[in-house]
Amino acid sequence: MNGHASPSTSANTAFSFISKGWREVRDSADADLQLMRARANSFKNLASSFDREFENFINSASNPFFVPSLRSPSSSLEIDFVKKLQPKISEFRRVYSAPEISKKVLKKWTPTARLGIDLSAIRNALVSEVEGGYRGGIREFDRFRQGRRRVSFTEFWREDKEEERGQFLEWEPIRSLKRRLRELEKKSEFTEFFEGFKNSEFVDKVKSSLKAIRKEPHESQEVLPLDVPELLACLVRQSEPFLDQLGVRRDICDRIIESLCCRRKNQLLLPPLLDGESSFLENENVNDELDKRIASVLRSTGHCCDGGFWTDVSKQSPSDGKRHVAIVTTASLPWMTGTAVNPLFRAAYLAKSEKQKVTLLVPWLCKSDQELVYPNNLTFSSPVEQENYIYKWLEERLGFRANFKISFYPGKFSKSRRSIIPAGDTSQFIPSKDVDIAVLEEPEHLNWYHHGKRWTDKFNYVVGVVHTNYLEYIKREKNGALQAFFVKHINNWVTRAYCHKVLRLSAATQDLPKSVICNVHGVNPIFLKIGEKVAAERELGQQAFSKGAYFLGKMVWAKGYRELIDLLAKHRNDLDGFKLDVFGNGEDAHEVQRTAKRLDLNLNFLKGRDHADDSLHGYKVFINPSVSDVLCTATAEALAMGKFVICADHPSNEFFRSFPNCLTYKTSDDFVLKVKEALENEPQPLTPEQRYNLSWEAATNRFIQYSELDRVLNDAKDDKKLEKSITKAVSMPNLSEMADGGLAFAHYCFTGNEFLRLCTGAIPGTRDYDKQHCKDLHLLPPQVENPIYGW
């Protein structure tokens with residue numbers, strides 16, 4: 001029916017072919033025997049004739065017969081003997097090689113077979129026999145003649161021939177049979193027979209019987225396909241980004257997955273890697289079990305998928321063999337903010353090892369925006385001028401020349417958001433030769449209105465570092481709850497679509513996909529030197545701190561000024577005589593000062609200054625009641641200088657709790673107790689380990705470790721991670737990656753529409769950079785750089 005013979009038909013055909021071949025072999029052997037008998041008879045007659053001629057030759061020989069005359073080469077006897085012997089041998093050859101004999105025999109043999117017999121043995125026998133007679137003289141020939149029983153040539157030939165016939169009959173049929181069997185194996189009928197026999201029911205029954213006799217050590221080596229609960233669990237897990245956008249929390253999804261997988265927990269076993277070893281690990285969570293289960297199914301099917309639906313598999317590779325790290329941030333000096341200072345130190349210490357090349361990409365503001373952002377009316381006429389300022393500021397604090405490159409991208413200052421928004425595609429300002437690894441400082445901020453190529457498509461590896469708790473700031477604004485809801489989901493959207501790994505400085509930030517919590521910031525080395533100087537003065541018995549408490553920070557309500565005023569107003573009587581100096585500038589400076597004056601608080605407002613300023617060294621207590629910070633840089637700097645720090649018991653201060661000089665409070669009453677404790681006691685000097693934990697060397701090592709850059713930079717993997725990655729089969733199609741690519745494409749389409757951008761609060765005209773940016777940065781106009789037909 002399907003073009004293949006049934007097993008029974010194939011078997012009959014094969015056996016018929018074998019029987020036919022055997023009959024042909026048998027008939028051929030019979031014909032050969034008959035020809036041999038006929039040939040033997042002809043040899044017998046020929047030998048009789050030769051015997052008579054030989055006898056006549058002996059009788060006609062002269063008497064006496066001397067030996068010397070026989071041995072002489074000129075002897076007439078030898079010549080006559082050869083003359084008489086040669087015609088007989090020629091006739092013997094002619095008869096034996098007759099065409100009627102060889103033709104019949106050759107038809108029965110293969111084309112390569114040859115019929116004939118080597119007559120040299122017979123001729124040598126005859127010559128040796130005759131020469132032996134010559135050597136023996138006349139007495140030897142007389143002995144032959146006078147003997148009762150004369151050994152004739154006929155008898156000699158008959159004995160030799162029978163021996164040869166016995167060997168021939170024993171070998172030639174077997175050789176012919178083997179040759180025909182080899183031909184039989186090449187026939188298609190024989191192959192069909194074995195295939196049919198292999199797939200026959202008889203073979204299956206034999207196999208089942210053998211399995212019943214000998215039990216396998218494992219019940220089954222086959223991997224069962226995914227059942228419905230497992231498929232549903234996989235679908236729920238891959239749909240977590242979409243469900244998160246709908247408000248379904250991650251822990252709820254985990255519980256759903258766990259309930260679905262528990263039904264098949266006993267069947268989530270992979271084929272054992274070694275005898276007696278199970279690949280199911282009891283201590284691993286449900287997600288790992290499900291990953292291994294899916295990997296085992298894919299491995300059993302041999303499925304392999306290159307890339308995803310949205311992914312771009314073509315990535316840049318370093319041309320000079322050295323990795324490149326591009327650090328992109330949202331602020332730049334002289335704006336003294338965390339996103340301007342910390343990425344600058346990160347670039348310097350990453351470049352210090354000289355294992356990789358580093359580029360720091362900072363925003364360039366036009367002069368009108370510089371006047372709004374930079375302190376002390378400081379402005380720059382060109383990027384080169386600002387670049388020199390940054391290098392000089394950094395070298396004064398590091399003590400060494402940092403070997404990294406600074407580049408600029410167009411940016412605009414948003415008064416409403418009090419931050420810098422990128423204009424145009426930020427990724428295009430990184431040279432193609434440096435496209436390898438990207439570190440996005442504040443990835444959500446950089447990608448709110450990003451209209452350009454996807455970071456994960458352009459770069460081999462993208463790390464995001466979350467600095468700011470935007471949700472906490474937005475909640476303080478009008479309609480803050482509604483705005484925070486949308487911003488939360490947008491942050492999830494852009495970080496998931498544009499980053500491979502996200503680092504959160506503390507748990508105070510929003511819980512983002514692909515994120516891990518780790519403090520990857522250090523303090524300026526100058527603060528550690530100040531702390532060492534204070535410790536040395538105290539060892540000499542000198543007074544290190546001559547002043548009381550202070551607070552330093554940008555003067556906006558969200559930076560802790562609201563909490564500070566509330567605490568001091570509530571406990572005015574408990575803290576009678578307590579005076580606090582406040583250093584800072586900002587948009588809310590007048591309102592903050594007016595509120596403090598109205599409440600009659602003992603606050604002394606001073607102009608903002610660098611925390612390393614000499615005027616701040618004598619303060620003993622730093623107070624920071626802020627709960628909106630992710631990780632306050634000023635708190636780390638105060639601890640490095642050996643001061644007391646009083647801060648709230650908040651996730652943003654989790655890293656500082658291990659330091660004995662950090663005093664945390666939970667209630668307002670506890671705040672009063674901590675203030676009094678700090679004013680009455682002296683801080684403890686830092687240990688070498690504590691100083692190292694605050695340094696940028698330690699922060700850089702933590703950054704490389706938690707972002708997995710050590711694996712990316714060195715192209716090396718830990719054995720356990722490698723084994724786990726193989727087990728999880730990274731070649732499997734990942735619905736999560738497809739969802740991320742879909743989100744990135746939707747975001748690209750959304751940010752390409754100017755009306756939608758304005759509705760979400762974007763600065764007008766920031767989809768592309770303007771003419772002033774083209775002039776300052778020597779750029780081509782956007783219409784030339786990105787023509788409409790290139791979309």
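Just so you know, these numbers come straight off a predicted model, no measurement behind them.

*Asks:* So what exactly am I meant to see when it comes to the nonpolar core here?
*Replies:* One recurring pattern in soluble globular proteins: nonpolar side chains tend to sit buried together. Counting residues in each nonpolar core, the largest one holds 109 residues, and the members touching the most others are Leu394, Phe404, Leu580, Ile623, Ile646, Phe671 and Phe703. Ranked by the residues each element gives to this core, the list is headed by helix H13 (residues 338–352), at nine residues. The contacts of Phe703, once residues within four sequence positions are left out, are Arg346, Leu350, Val439, Val463, Val465, Leu503, Val520 and Leu709. By size, the runner-up hydrophobic cluster in this structure holds 23 residues, among which are Ile430, Ala438, Leu440 and Cys499.

*Asks:* Teacher, can you tell me more about the sheet that holds strand S12 (residues 619–624) here?
*Replies:* Where strands meet in a sheet, backbone hydrogen bonds hold them as pairs that are either parallel or antiparallel. One open sheet holds the six strands; their spatial order is S11-S10-S9-S12-S13-S14, and the pairing between them is parallel. The sheet is open, and its two borders are formed by strand S11 (603–606) and strand S14 (662–665), each paired with just one other strand. Neighbour-to-neighbour, the strand axes of the sheet open up by a mean angle of 25°, direction not taken into account. Relative to S12, strand S9 (residues 547–552) runs parallel, the two sharing three bridges. Among the inter-strand pairings, Tyr550 is bridged to a residue of S12, identified as Phe622. Running over the sheet, helix H21 (residues 561–570) touches S9, strand S10 (580–583), S11, S12 and S14 and is turned about 165° from S10. Against the sheet, helix H23 (residues 633–640) touches S9, S12, strand S13 (644–648) and S14, its axis set at about 160° to S12.

*Asks:* When you look at the pattern of salt bridges in this model, what are you seeing that I'm missing?
*Replies:* Note that side chains of opposite charge can pair when their charged atoms are close. Evaluated as defined, the whole model comprises 19 salt bridges. Salt-bridge contacts for Glu587 lead to Lys554; the nearest nitrogen and oxygen are separated by 3.9 Å. Note that Glu587 is positioned in the loop between S10 and helix H22 (589–598) and Lys554 in the loop between S9 and H21, a separation of 33 residues in sequence. A residue is classified by how much of its surface remains accessible, and Lys554, at 26% relative accessible area, is partly exposed. Two residues, Lys666 and Asp649, come together in a salt bridge whose shortest N-O distance is 3.9 Å. With Lys666 in the loop between S14 and helix H24 (668–680) and Asp649 in the loop between S13 and S14, this residue pair connects regions lying 17 residues apart in the sequence. Looking at Asp649, the relative accessible area reads 28%, which means it is partly exposed.

Definitions and cut-offs
Here the residue numbering is sequential within each chain, running from 1 through the sequence in written order. With the structure being a predicted model, the display of local features is reserved for residues of pLDDT at least 70 and the display and counting of side-chain atom pairs for 80 or more, all residues being used for whole-chain, interface and lining totals. Excluding hydrogens and water, the side-chain values take into account all heavy atoms of the structure. Nonpolar core, defined: a set of buried Ala, Val, Leu, Ile, Met, Phe, Trp, Tyr and Cys residues in which side-chain atoms within 4.5 Å join the residues together. Burial classes: relative accessible area under 20% of the type maximum marks a residue as buried, over 50% as exposed, and values in between as partly exposed (1.4 Å probe, protein chains only). Counting from the N terminus, the helices are the DSSP runs of H or I reaching at least four residues and the strands are the DSSP runs of E reaching at least two. The contact criterion used throughout is that any non-hydrogen atoms of two residues lie within 4.5 Å. Following DSSP output, two strands are said to pair if at least two bridges run between them. Note on geometry: axes are C-alpha line fits, over the in-contact stretch for helices, and angles between N-to-C directions span 0 to 180 degrees. A side-chain nitrogen of Lys or Arg and a carboxyl oxygen of Asp or Glu constitute a salt bridge if their distance falls within 4 Å.

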